[in-house]
Every structure is written in structure tokens, then in C-alpha cells.
Amino acid sequence: MSVRLARPWIVAWLVVASVFVAACEAPTATTPPGTGIRGTVTLGPTCPVQQADQPPCVTPLAASLVITSGEDGSVVARVDAAADGTFQVDLPPGSYVINPQPGGDPFPVGQPVDVTVEPGAYSQVEVAYDTGIR
């Protein structure tokens, strides 16, 4: 009795197909619904002298933000604030740093903001850009 071996192309196809199926079934990190960071970006001061009885001299700012991991500093998300300064990014619970991207040379400039995202909630933050007006 002779044993007939499969043709090499069939074996190769089966290997490729099994690798593809395994890759498709690999677990992936997912963000729970309703978890992440929400916030506003402001620019200020927008007037040279702020009066105590007047509203703050700030205005919303459409700006680009880079979110990095608070653990290792790797980039986890990029988000652009809307014209009204609002933004939202869905992220799993953890520690993050919001890094405002430069708005000009040298102003406006924003400082990094540390944020902790708790399970099942959005952390509310304000990212402030400085105009340099004094």
C-alpha cells in the first residue's frame, strides 16, 4: 500500500489559512463604552488686564492634542478640539498625559495635563493655552 502525500501548494495554502484564522481570532484591547477623556481647550488671557468683576479673559481654542500613556509615554491617541474648544477621546481606564501641540512661535503654548481615566466614566479636563499677553 502506498501513501500519497499532499501536493506542496495545498500544504502551503493550509498553513497560510490557519495563520490568517489565528490572527483574526487574536484578542484585541477594547475600550469599554463610556470611558475616556472629555474636555475643553481654552486660550487666555485674551485681554491685557482682567477685572475682578468681569468674566475671565479666555476664549475656546481649536487645537491638536496628543494623548500619551502615563506609564511608558507611548502615543495612544490624537484628537483635535472643535472650534468651540471641546474634545472627546475614548480610552480604557488608566493614566494618561494630554500633550497640547504648539500653536505658534512662541505663543500660544499649552502645558501637559495628567489625567486618570476611571472605569465606566469620562474624566473631565481643561487644557489651557497661554497667549503670552501680560
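What you are looking at is a predicted structure, and each value in this text was computed from that prediction instead of being measured.

(A) Representation of the nonpolar core in the model. One finds I37, V41, F87 and I98 to be the most contacted residues of the largest nonpolar core, which totals 21 residues. Listed by contribution, the elements that provide at least two residues to this core are β1 (36-44), β3 (64-69), β4 (75-80), β5 (86-90), β6 (94-100), β8 (113-117) and β9 (122-130). Discounting residues that sit within four places of it in the chain, V41 has contacts with T59, P60, L61, A63, L65, A81, G85, F87, V127 and Y129.

(B) Molecular detail of the state of the cysteines. Evaluation of the coordinates by the stated rule reveals one disulfide. For C47, the disulfide goes to C57, at an S-S distance of 1.7 Å. Its S-S torsion of approximately 65 degrees makes the covalent link between C47 and C57 right-handed. Of the two residues, C47 sits in the loop between β1 and β2 (59-60) while C57 sits in the loop between β1 and β2, which places them ten residues apart along the sequence. Across this residue pair, the class does not change: C47 and C57 are buried.

(C) Geometry of the environment of N99. Among the structural elements, N99 can be located in strand β6. For the pair N99 and V113, spaced 14 residues apart in sequence, the C-alpha separation works out to 6.8 Å. Leave out the neighbours within four places in its chain, and N99 touches S64, L65, V66, T68 and P112. Polar contacts involving the side chain of N99 include one to the side chain of T68, which spans 3.1 Å.

(D) Examining the side chain of S123 more closely. Tracing the backbone shows S123 in strand β9. Setting aside residues no more than four positions away along its own chain, S123 makes contact with G36, I37, R38, V115, T116, V117 and E118.

(E) Quick look at the pairing of β1. Burial of β1 is extensive: seven of the nine residues sit out of reach of the surface. Where β1 and β5 come together, five bridges link them in antiparallel fashion. Following the sheet pairing, G36 is matched in β5 by D90. Across nine bridges, β1 lies against β9 in parallel orientation. Bridge pairing in β9 links T42 to A128. Where β1 lies against β2, two bridges are found, and the strand directions are antiparallel.

(F) Expanded view of the packing of aromatic side chains. The tally for this structure, following the rule as stated, stands at zero aromatic pairs. Cation over ring: R38 sits above Y122, and NZ or CZ is 3.9 Å from the ring centre.

(G) Region of interest: the sheet that holds β6. As summarised here, the arrangement of the four strands in space is β4-β3-β6-β8, forming an open sheet in which the pairing is antiparallel. The outermost strands of the open sheet, each flanked by one partner alone, are β4 and β8. Put simply, the sheet's adjacent strands are angled 25 degrees from each other on average, direction ignored. As judged from the five bridges shared by β6 and β8, these two strands associate in the antiparallel manner. When the sheet's bridge partners are listed, S95 is paired in β8 with T116.

Rules behind the numbers
Residues numbered from 1 in each chain as written. Predicted model: local features only at pLDDT ≥ 70, side-chain atom pairs only at ≥ 80, totals over all residues. Heavy atoms only, no water. Core = buried A, V, L, I, M, F, W, Y, C linked by side-chain atoms within 4.5 Å. Buried < 20%, exposed > 50% of the residue type's maximum accessible area, 1.4 Å probe, protein only. Helix = DSSP H or I, 4+ residues; strand = E, 2+ residues; numbered from the N terminus. Contact = heavy atoms within 4.5 Å. Disulfide = S-S within 2.5 Å. Polar contact = N/O pair within 3.5 Å; in protein donor to acceptor, adjacent residues only side chain to side chain. Pairing = 2+ DSSP bridges. Phe/Tyr/Trp six-rings, centres within 6.5 Å; stacked < 30°, edge-to-face > 60°. Lys NZ or Arg CZ within 6 Å of the ring centre and 35° of its normal. Axes fitted to C-alpha atoms, helices over the stretch in contact; angles between N-to-C directions.

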